Amino acid sequence: MEDDLPTVTVRLWRADAIVLFDWLMSTDLDSVPVTHPAQKQALADLLSRLEWAADTDVTGSTTEEIAAAQQEVARDMGW
């Protein structure tokens, strides 16, 4: 990411970060439906940023931790 480009800071719940990181790592971005190539690039950028900036407890989550995070995020979804 270019240092001279404007940025935003987004705070995520740890469980959301784990779920997103796991999904992005296991998803073929070429198969994700997009309406503009920038959408796919933004997902790839998000993955890179999670890899670079997230705590190791997110990027190094175990299978059990991922399952627990998925359950926590899915709780009380209402849909």
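J.: What should I look at first to understand the packing of helix H1 (residues 14–26) against helix H2 (residues 37–53) in this one?
T.: How two helices pack is summed up by the angle between their axes together with the distance between the axes. Remark: H1 packs on H2, axes separated minimally by 10 Å, with the N-to-C direction vectors making an angle of 120°. Overall, the two elements H1 and H2 adopt an arrangement that is oblique. In this structure, H1 meets H2 at a crossing whose hand is left-handed. Here H1 contributes Ala17, Leu20, Phe21, Trp23, Leu24 and Met25 to the contact with H2, which in turn contributes Leu43, Leu46, Leu47, Leu50 and Glu51.

J.: In this structure, what is going on with the packing of H1 against helix H4 (residues 63–74)? I would like to understand it.
T.: One way to put it is that H1 packs onto H4 with a least axis distance of 8 Å and a crossing angle of 115°. For H1 against H4, the interelement crossing comes out left-handed. Counting all contacts with H1, which are made through Arg14, Ala15, Asp16, Ile18, Val19 and Asp22, the residues of H4 involved are Glu65, Ile66, Ala69, Gln70, Glu72 and Val73.

J.: I keep staring at H4 and nothing clicks. Help me out?
T.: Each α-helix winds once per 3.6 residues, and so residues spaced three or four apart point in a common direction. Here H4 is 12 residues long and its end C-alpha atoms lie 16 Å apart, about the 16 Å a rise of 1.5 Å per residue gives. Of the residues flanking the end of H4, it is aspartate 76, one or two places downstream, whose phi is positive at about 60°.

Conventions used here
Residues numbered from 1 in each chain as written. Predicted model: local features only at pLDDT ≥ 70, side-chain atom pairs only at ≥ 80, totals over all residues. Heavy atoms only, no water. Axes fitted to C-alpha atoms, helices over the stretch in contact; angles between N-to-C directions. Helix = DSSP H or I, 4+ residues; strand = E, 2+ residues; numbered from the N terminus. Parallel < 35°, antiparallel > 145°, perpendicular 65-115°, else oblique. Left-handed = near helix turned anticlockwise from the far one by under 90°. Contact = heavy atoms within 4.5 Å. Expected span 1.5 Å × (residues − 1).

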